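# A closer look at the structure
Listed below are the residues making up each chain.
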Amino acid sequence: MSQKWDVNDRSRRRFLQTAGWLGSIGALGGASAFAAEPATTRLPFANGERELTRAFPQKGEMLLLRTRPPMLETPFDVFDQGVFTPNNRFFVRWHLAEIPTNIDAEAFRLNVHGQVEKPLTLSLKQLMSEFETVEIAAVNQCSGNSRGLFNPRVAGGQWANGAMGCAKWTGVRLKDILDKAGVRSGAAQVRFKGLDRGTLPATPDFLKSLDVDHARDGEVMVAWGMNGEQLPLLNGFPLRLVVPGWYSTYWVKMLDDIEVLDAADTNFWMAKAYLIPDTPHASVMPGQKGFKSVPINRMVPRSFITNLREGDKVLAGHATPVRGIAFGGDAGIAKVMWSSDGGARWEGATLEQDHGKYAFRRWHAQYTPKAKGENTLMVKAINTNGVEQPAEANWNPSGFMRNVIESVKVQVG
């Protein structure tokens, strides 16, 4: 998180020049997705048929979960193409239906207020020129990624494994903004709000908060860039919060308001939504009641095989490359282990380039099956805190934080 951008850098100038028209792309919607016979694909769970759509602005082919507010899943084969998820294939998840489709980048302001010595109103140009620009590679993952695989089934968006992505985020440290405003002693949390709104007046604004110490850890940032380009509209243009190692619910999109609070935030999205059981792996028994809950927070490690799919055929006696991605959640990857016999024996995979502790890490291995038949390949990650993916899937009523060891059955011929 140290790359510095020159305020006169061509990328910055291009951002300001193009932000206006890219921020005013026409209606969100995907209405055309319903105008013709759409291509579909099937995800590996009940009611898993999904439309493949290209109807959303700045997006390539995506899996459509919901049109308004948009929920678009990244097709899983994208993750085999590299560490960084292309902006036009990066998953999309909004909570509220009223999303601006026309944002004037020149007129846009970020407000900082509450328990501060000097409230701020910052333009994009001020953010880019009056603070040090930094960059970090980090995974952004929906809390309910893989929810469709929960058994018994739970309510909510039925994602497969594509509600995640890894990008290089460019912006400024939140700490630097808060320091410029001067956080008063006794401040407890920092609350974030974006430009999206509910359709009904009674719908609570989408507000998320972090403890002051977390907000000022020097890693949390206010980003305008994603993989070297400005944020796509659906990924939060013109600004979004980036909270490395934490679930996406905290990464507030179209961020325009930062409020320093003198007490813990009790709004709906902190006190009633996005809660997890305060138990190991956030897991309880289906139907269990009366357990203590806490706001969801740090991510846990995950890993995937990306070049082989269920039912793929390989040849006995021939070396087949096996590769994939892993991430450590709130820590780096220490090692990735893989198995070609359903978990009876595990071997270390070769880790590829390290792009930072919060990024995807590519891994690879060689698989030479000896006999014909069905084989189950498995993979698990262990992070630098010693946290290892579990062999059994967790369960909770919201379908959060799945990180069970992944497996793929292949046919050896």
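Treat the numbers as computed from the prediction; the structure is a model and nothing was measured.

Helix and strand counts for the protein stand at five helices and 26 strands. For the protein, the C-alpha atoms occupy an extent of roughly 70 × 50 × 45 Å along the three principal directions. Sorting the 413 residues of the protein into buried and exposed places 55% on the buried side. Considering only contacts within the protein whose residues lie at least 6 apart along the sequence, 71% involve residues at least 24 apart.

A word on the UniProt feature "domain: Moybdenum cofactor oxidoreductase dimerisation" (unreviewed entry) in the protein. Sequence positions flagged by UniProt for "domain: Moybdenum cofactor oxidoreductase dimerisation" (unreviewed entry) are, in local numbering, residues 296-412. Within the segment residues 296-412, helix and strand shares are 0% and 43% respectively, and the terminal C-alpha atoms sit 41 Å apart.

Before going further, it helps to examine helix α3 (residues 174-181). Turn by turn, an α-helix covers 3.6 residues, leaving residues three or four places apart pointing in a common direction. Residues of α3 that are buried: Leu174, Ile177, Leu178 and Ala181. For α3, the angular spread of buried residues about the axis comes to 95°, placing them on one side. Phi for Gly182, located one or two positions after α3, is positive at around 80°.

Throughout the structure, instances matching the rule amount to zero disulfides. Here Cys166 stays unpaired: no disulfide links it, and the sulfur of Cys142, its closest cysteine neighbor, is 17 Å away. Cys166 sits in the buried class, given a relative accessible area of 0%.

This brings us to the nonpolar core. In terms of nonpolar packing, the biggest core is built from 89 residues, with Trp169, Ile177, Val222 and Ile258 touching the most fellow members. Shared between two domains, this core holds at least three residues of each, these being domain 1 (109-273) and domain 2 (302-412). Non-local contacts of Ile177, meaning those with residues more than four positions away in its chain, are made with Leu110, Val112, Leu120, Leu122, Leu127, Phe131, Val172 and Val222.

Turning our attention to unusual backbone geometry. Note that the residue after Arg68, namely Pro69, is joined by a cis bond; omega there is -10°. Tracing the chain through its elements places Pro69 in the loop between β3 (62-66) and β4 (71-73). Look at the link from Phe237 to Pro238: it is a cis peptide, with omega at 5°. Checked against the element boundaries, Pro238 lands in the loop between β13 (229-230) and β14 (240-242). Despite not being glycine, Tyr274 has its phi angle at roughly 60°, a positive value. Looking at where Tyr274 falls in the secondary structure, it is placed in the loop between α5 (268-271) and β16 (275-277).

Here the focus is the pairing of strand β15 (residues 255-261). By the criterion of burial, β15 is predominantly enclosed, with six of the seven residues buried. Pairing of strand β6 (residues 109-114) with β15 involves four bridges; the strand directions are parallel. Within β15, the position partnered with His113 by the bridge is Glu259. Pairing of strand β10 (residues 189-194) with β15, which is carried by six bridges, proceeds in the antiparallel orientation. Directly across from Phe192, in β15, lies its bridge partner Ile258.

On to the packing of aromatic side chains, then. A full pass over the atoms with the stated rule returns 13 aromatic pairs. Aromatic side chains Phe90 and Phe91 sit 5.8 Å apart centroid to centroid with 25° between the ring planes, which places their arrangement in the stacked category. There is no split in this pair, since Phe90 and Phe91 are both buried. Among the aromatic residues, ring-to-ring pairing joins Phe76, Phe79, Phe304, Phe327 and Phe360 into one connected group. Of note, Lys253 hangs over the ring of Trp94, and the distance from its end group to the ring centre comes to 4.7 Å. Note that Lys380 overlies the ring of Trp346, its terminal NZ or CZ placed 4.4 Å from the centroid.

What UniProt calls "domain: Oxidoreductase molybdopterin-binding" (unreviewed entry) maps, in this numbering, to residues 98-269. This span, residues 98-269, is 12% helix and 34% strand, and a straight line between its end C-alpha atoms measures 17 Å.

With that settled, the discussion passes to the sheet that holds strand β5 (residues 92-93). Pairing is antiparallel in the open sheet, where five strands are placed in the order β1-β2-β3-β4-β5. Here the strands that pair on one side only, and so sit at the sheet edges, are β1 (39-42) and β5. Direction of pairing for β4 relative to β5: antiparallel, over a ladder of two bridges. By the bridge assignment, Met71 is partnered in β5 with Arg93.

What follows concerns the domain arrangement of the protein. Domains assigned within the protein are domain 1 (109-273) and domain 2 (302-412). The C-alpha-based centres of domain 1 and domain 2 are spaced at 31 Å. Facing 24 residues of domain 1, the contacting portion of domain 2 comprises 21 residues. Roughly 1,800 Å² is buried in total at the junction of domain 1 and domain 2, and carbon and sulfur atoms are behind 62% of that figure. Sorting the residues of domain 1 by area buried against domain 2 places Val139, Phe150 and Met164 first, and these three jointly supply 27% of that buried surface. Remark: the boundary between domain 1 and domain 2 carries one salt bridge. The salt bridge partner of Lys357 is Glu219, with a shortest N-O separation of 3.9 Å.

Rules used in this analysis
Here the residue numbers are simple positions, counted from 1 along each chain's written sequence. Thresholds applied to this predicted model are a pLDDT of at least 70 for local features of residues and 80 or more for the giving and counting of side-chain atom pairs; totals over whole chains, interfaces and linings are not thresholded and use all residues. Excluded from the side-chain calculation are hydrogens and water; included are all heavy atoms of the structure. The secondary structure listing takes helices from DSSP runs of H or I that are at least 4 residues long and strands from runs of E that are at least 2 residues long, numbered from the N terminus. Each residue gets one of three labels from its accessible area relative to the maximum for its type: buried under 20%, exposed over 50%, partly exposed in between, using a 1.4 Å probe on protein chains only. Residue contacts are counted whenever heavy atoms from the two residues lie within 4.5 Å of one another. UniProt positions are given in the numbering used here, feature names are shortened, and annotations may be inferred rather than shown by experiment. As used here, the arc is the angular range of directions from the helix axis to the C-beta atoms. When the sulfur atoms of two cysteines come within 2.5 Å, that pair is taken as a disulfide. Buried Ala, Val, Leu, Ile, Met, Phe, Trp, Tyr and Cys residues form a nonpolar core when they are joined through side-chain atoms within 4.5 Å. Domains are outlined according to an automatic or database domain assignment. Any two strands with at least two DSSP bridges between them are considered paired. Paired rings are identified among Phe, Tyr and Trp, the last through its six-membered ring, by centres lying within 6.5 Å, and are further divided according to the angle between planes into stacked (under 30 degrees), edge-to-face (over 60) and tilted (the rest). Throughout this description, the term charge over a ring refers to an Arg CZ or Lys NZ atom that lies within 6 Å of the ring centre and within 35 degrees of the ring normal. By convention, the term buried area covers the 1.4 Å-probe accessible surface removed from two parts as they join, with the contributions of both added. In what follows, salt bridge is the name for a side-chain nitrogen of Lys or Arg lying within 4 Å of a carboxyl oxygen of Asp or Glu.

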